[in-house]
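Structural overview
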Amino acid sequence: MARLVAYTVMMLALLGLLLSLGAYVFEFAGIYSPPQNRPPLLFFGIFIVWFPTIFLMNKLTEDFKQKDMWKAALRGCPPWMRKSMWAVVGVVSALAYLPVVLKVQRPYPDVFVLFPGCFYAASFCITYSVINAWKYDSTRRCLNGHAISPLAKFCDECGAPAAPGVKNVGVRSN
Ligand SMILES: [Zn+2]
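In this report, the structure presented in the accompanying data block is examined. Note that this is a predicted model, so its numbers are computed, not measured.

**Side note on the overall build of the protein**
The number of helices and strands found in the protein is five helices and zero strands. The order of helices and strands in the protein, counted from the N terminus, is α-α-α-α-α. Per-residue burial over the protein gives 29% buried out of 174 residues. Considering only contacts in the protein between residues 6 or more positions apart, those separated by 24 or more positions represent 64%.

**Quick word on helix H4 (residues 79-102)**
What sets the pattern is the α-helix's 3.6 residues per turn: residues three or four places apart point alike. Relative to the 34 Å expected for 24 residues at 1.5 Å per residue, H4 spans 33 Å between its end C-alpha atoms, a close match to the ideal helical length. Remark: the principal bend of H4, roughly 30°, maps to Ala96, with a proline, Pro99, within the next four residues. Among the residues trailing H4, Lys103 stands out with phi positive, at a value near 55°.

**Some words on the packing of H4 against helix H5 (residues 115-139)**
One can describe the packing of H4 onto H5 by two numbers: an axis separation of 9 Å at closest approach and a directional angle of 165°. Relative to H5, H4 is oriented roughly antiparallel. H5 is crossed by H4, and the crossing has left-handed handedness. Of the residues in H5, those in contact with Met81, Arg82, Met85, Val88, Val89 and Val92 of H4 are Phe115, Gly117, Cys118, Ala121, Ala122, Cys125 and Tyr128.

**So, the nonpolar core**
Core analysis: the largest hydrophobic core is formed by 31 residues, its most contacted members being Ala121, Phe124, Cys125 and Ile126. Elements supplying a minimum of two residues to this core: helix H1 (2-29), helix H2 (41-61), helix H3 (69-73), H4 and H5. Among the elements that line this core, the one with the most residues is H5, at 11 residues. Setting aside its immediate chain neighbours within four residues, Ala121 contacts Leu17, Met85 and Val88.

**A word on the packing of H1 against H2**
Where H1 meets H2, the axes come as close as 10 Å, and the angle between the chain directions of the two elements is 145°. The crossing of H1 and H2 is left-handed. Packed against H1, whose contacting residues are Ala2, Val5, Ala6, Val9, Leu12, Ala13, Gly16, Leu19, Ser20 and Ala23, the element H2 presents Leu42, Gly45, Ile48, Val49, Pro52, Thr53, Leu56 and Lys59 at the interface. Considered class by class, the residues forming the contact of H1 with H2 number 13 nonpolar, four polar and one charged.

**Let's talk about the environment of Trp70**
Structurally, Trp70 is set in helix H3. With 17 C-beta atoms counted inside 10 Å, the residue Trp70 sits in the partly exposed group. Separated by 13 residues in the primary sequence, Trp70 and Met57 have C-alpha atoms spaced 9.1 Å apart.

How each quantity is defined
- Residues numbered from 1 in each chain as written.
- Predicted model: local features only at pLDDT ≥ 70, side-chain atom pairs only at ≥ 80, totals over all residues.
- Helix = DSSP H or I, 4+ residues; strand = E, 2+ residues; numbered from the N terminus.
- Buried ≥ 20, exposed ≤ 12 C-beta atoms within 10 Å, placed from the backbone.
- Contact = placed C-beta atoms within 7 Å.
- Expected span 1.5 Å × (residues − 1).
- Bend = angle between axes of the 7 residues up to and from the residue.
- Axes fitted to C-alpha atoms, helices over the stretch in contact; angles between N-to-C directions.
- Parallel < 35°, antiparallel > 145°, perpendicular 65-115°, else oblique.
- Left-handed = near helix turned anticlockwise from the far one by under 90°.
- Core = buried A, V, L, I, M, F, W, Y, C linked by C-beta atoms within 7 Å.
- Nonpolar A, V, L, I, M, F, W, Y, C, P; charged D, E, K, R; others polar.

Shown next as structure tokens:
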């Protein structure tokens with residue numbers, strides 16, 4: 001059931017992300033300009049994907065500490081996906097705040113069109129992680145081959161460090 005919800009939300013999030021980016025690019029290129037009082041459909045869409053996303057994320061991270069929440073939530077994603085997600089969030093935030101910081105007029109098209117894109121991107125990554133985390137969780141082992149918990153750096157049983165692997169989340173000790 002959770003997987004079915006995750007798949008559905010992932011597809012909707014992907015659609016939302018593409019529409020957000022598409023709307024921005026089209027407006028930027030001047031190909032399409034929406035009516036001034038358009039209903040912010042992409043904003044309403046956030047609620048549709050975000051509630052189930054939060055629910056799934058809570059389930060996925062319930063065994064973890066608050067500070068590890070995002071690492072835990074995104075542990076089923078490949079590293080490039082996690083990096084891309086933070087890059088999207090970072091770039092959109094920067095684009096949104098830059099005019100404020102530089103005290104210039106808001107550029108057209110409004111960067112706020114892209115804000116839903118952040119939610120859709122996060123939602124997509126989290127649901128992807130929900131679907132794939134089990135692979136990662138079941139394959140983590142210490143150097144001596146004991147199964148260890150998803151974010152553990154050291155084995156509870158023998159104290160050996162986690163075996164390096166492509167699925168490692170990359171928790172650093174510093
Ligand atoms: Zn061990």
